[in-house]
Amino acid sequence: MLSGEPGIGKTVLWQRGVERGRGRLAQVLSHRAAEAEVGLSFAGLSDLLTGVIGTVLPSLSAPRRRALEVALLLADPNTEAHDPRAIGLALVDSLRTLCHLGPVLVAVDDLQWLDRSSARALEFALRRMGDERVGLLATVRSAPGEVARADLPRQLPEELVQELAVGPLSLGGLFQLVRDRLRVELSRPQLVRLREITGGNPFFALELAPELATARPAPGRPLAIPTTLRQLLGQRLARLPDNTREVILTAAALARPTVAVLAAAHDDDRPVTSALERAMGAAVLDVDGERVRFLHPLLASVCYEEAPPWRRRAAHRRLAGAVGDDEERARHLALAAERPDAEVAAALDAAVVTASARGAPAAAAELSELAHELTPADRSDEQRRRLVAAAEAHRLAGDREQAAAILNRLLPDVPPGTERADVLFALARTRRADLPTIAGRCEEALRETGDDHARAAEILVFLSWTRLLEGRVRDALAHARDALQHAEQLGEQKLLARAIARVAMAETWTLEVTPGLLERGVHLEEELEASLEFHESPTVTMARRLMCLSAFDRARPILEAAGAEAQARGDEGTRGHVLFHLFQVEWFTGQWATAATHVGAVIELADQLGDEQFRCIARYAQALLDAHRGDIPKARAAAQEAVEISEAISDALFGLQSRTVLGFIELSVGDPEAADRHLRPLPPWLVSRGWEEPTDFAWTNAIEVLLGIGKLDVARAYIEQYEDRAKRSTSPWALATAARGRGLLAAAEGDLAGAHAALDRALAEHERMRCPFELGRTLLAVGTVRRRARQKRAARDALEQGLVLFEALGASLWAQRVRDELQRISGRRPGSDELTTMERRVASLAAQGLANKEIASALYISVHTVEAHLTRTYRKLGIRSRAALAGRLSASNART
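All of the points below concern the structure found in this document. This is a predicted model, so every value here is computed, not measured. (Residues numbered from 1 in each chain as written. Predicted model: local features only at pLDDT ≥ 70, side-chain atom pairs only at ≥ 80, totals over all residues. Heavy atoms only, no water.)

Attention now moves to the layout of surface pockets. Volume-wise, the second largest pocket comes out at about 1500 Å³. Contributing to the lining of the second largest pocket are 50 residues, with Thr11, Val12, Gln15, Arg181 and Leu295 lying nearest its centre. Only helix H1 (10-24), strand E2 (27-32), helix H8 (171-182), helix H10 (202-214), helix H11 (229-238), strand E6 (285-288), strand E7 (291-294) and helix H15 (297-306) provide two or more residues apiece to the lining of the second largest pocket. In terms of residue count, the dominant contributor to the lining of the second largest pocket is H1 (ten residues). (1 Å grid on protein atoms, 1.4 Å probe; cavity = no way out; pocket = protein on both sides within 12 Å on 5 of 7 lines; lining within 4 Å. Points joined across faces, edges and corners; volume = space filled by probe spheres on them. Helix = DSSP H or I, 4+ residues; strand = E, 2+ residues; numbered from the N terminus.)

What follows is the structure in structure tokens.
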């Protein structure tokens, strides 16, 4: 980043960098920003991609291609607004495509004037480039002694940005500059004087040197030197004829001036051409084909700012009739207006719709604020409506603070009723407060809705989600049911489906399921033309409920279809949440390699989207998998990061789950006291918030830790509550882990018969699902209890089965725990040809001709685990193929 005062030479250095880049790099994307285009949508992005758009568009997915085409006005926008993140992701993909050809340089002159929509997309992309060879070369203006001001560099990690301050020229440099550019040689006293006056600024120097070389002041009088660059440039412009100044003022008022637009604005080609030629002769601007560009941005600024207001308004009025873009036309109408004008405000409203559809909410916010300013005073309701629209656009642009500031300023003046409800609800959705405050605003908004069922349903759906984040699941259910009642009154299908999804999910957590309700929601969603986002989709909710019931094989295809649909329509938020739930499915069912792939995709998408709540989920998923694989440093760091994020954004739910992982880590490394500090408070918290659904690791891990440190009374209380929830849920996972806890408690109390019975129930429940890690933990418990009962053969059999599972999964710490337990079994080890129970079951099915995949499905284990069992069986029986398996099994069974 080259920074410095106006005229110091940043652009010259930037141009040289661009030239060198074009000679050495695969691609250079360049844009020279202008002050007049700051408020436009994607002016800079359009310039950057002009020469490569044909290369990058075919490489983009359909939703991202569509978003980019609409943003760049290559396709007509529809009424549905594009998510700005889709445009940022399209730019990410575009840069990666170009990187396949070699290093890429993005070059932006006058970065402080890059339009906000382009700046946001560029910042989004640059933060996500990873190892791709992409560089940014930019100039940014700063006053002497001040830090350069541009948002984009401050949004990038500090270590990625190198700032070079461009300083003044030396005497020698000034001499060479004036001589080479102007063919003027100054004496040393003149040169010293020039440097004193200009401060070594080369642009100042080139303006003053001719006058200094030829001026002859009257005796006793100093040379009259303009005190500022503005005066200096103003003098140059003042020497031009009136009609030329009129044309260049129009050019200065235009974001991207062209000869054709200037001619249209002035109704004649010839005067415009003549004026442009004079301006070029005076070194004010240059014409490159159709494009008109001022030789220095300061010339455009001085030309515009020194013109009287009435001339500026006249220029904008002419341009409003000459430009083709609706958004730019509305801006010129606004700048031409002398007073509030209802028609101009309406034109700005239309431009807001266009900017939103192009995925430029920052531009939409500015247009709404302009419309507010131009709304006549007697239309206060329209003024407020436009401010609310501006706040919503700021929120969508990621500037939640500005959105909240506008709404807080507006709130005291809003009359009671639905309008006040809208402002309160908009303020709640900015999430610029803690969750109780947000919920309070929603409740206040509800009191203002009266009989407006649509507004009430929308607010209650959002309030239900807010309560869920707080962990207040019963409140979430109550609000969702209220939302459903309002939606029923309205009869609007999409709202009904959304409300049903909220109700069904909360009912799943509270175990208060309304028969047939979720199925009704799925049917409604199937009939809708529009798609629903993740948390408000009954179909996705059905998959999540199936997961709670351990029906992972039924949930998987539903989630895969939802993910494919979300990707096709460009809904990255829904796709991310679907990927997380697919991770959970594969994690539960022991497909940890696939789960790891999903985790990687979730983390990448979380980084791309910049969504802190989703980032918390991603870090939790990473921690969960790493903890079970035994990568403790990585797991602990990810879980701690997830806890910190959850506290910062008040996400109680994933805060609890991340603390569960921290407790599991300590349990895995053999520190039950540390694990207890994390885990013991969690089940009471779930109970206090009405969380009944038991498929949560907090219960089972807390119970095992309490038993490990001898807190049997507390463990018993937890087990009784957990068993009750498991029975009501009918989830095999919950029933199995609850029975395991009961078995371990019975063993700790000396009731070995009760322990065996409970653990047998646990194994029976494991037969109804596929969750090899938890089966391994249950087999470890069985082996430990059998060993203590001196049932060595049965203990060794169970432990060896658990060891195979843990080793196949890559659960290194738990595999070691099993090995340690095996070493405690004294006496003769079994012969090498003696098969464990699981090995015999696998071998028997293999001998019957079943394929490994069919065996895995029948026994609810992974294919990898089947392969591990068969390898051990072949080794023990001294065979090499399935062909010999049946005979050797018969002989082995006869000896047994």
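Back to the write-up after that little detour.
A few words now on unusual backbone geometry. Despite not being glycine, Ser650 has its phi angle at roughly 60°, a positive value. Take Ser650: it is sitting in the loop between helix H33 (632-649) and helix H34 (652-668). Residue classification places Ser650 among the partly exposed residues on the basis of a relative accessible area of 27%. (Buried < 20%, exposed > 50% of the residue type's maximum accessible area, 1.4 Å probe, protein only.)

What follows covers the pattern of salt bridges. Applying the stated criterion across every chain, the model contains 61 salt bridges. Salt-bridge contacts for Asp109 lead to Arg32; the nearest nitrogen and oxygen are separated by 3.4 Å. On the criterion of sequence distance, the pair formed by Asp109 in strand E3 (residues 104-109) and Arg32 in strand E2 is long-range, its members being 77 residues apart. On the accessibility criterion, Asp109 (1% relative accessible area) is buried. Put simply, Arg474 and Glu512 hold a salt bridge, and the shortest N to O gap is 2.5 Å. Taken as a pair, Arg474 in helix H25 (residues 473-490) and Glu512 in the loop between helix H26 (493-510) and helix H27 (517-527) lie far apart in primary sequence, 38 residues in all. For Arg474, a relative accessible area of 37% corresponds to the partly exposed category. Look at Glu512 and you get partly exposed, because its relative accessible area is 29%. By sharing partners, the salt bridges in this structure join Asp349, Arg379, Glu382, Arg385 and Arg386 into a single network. (Salt bridge = Lys/Arg side-chain N within 4 Å of Asp/Glu carboxyl O.)

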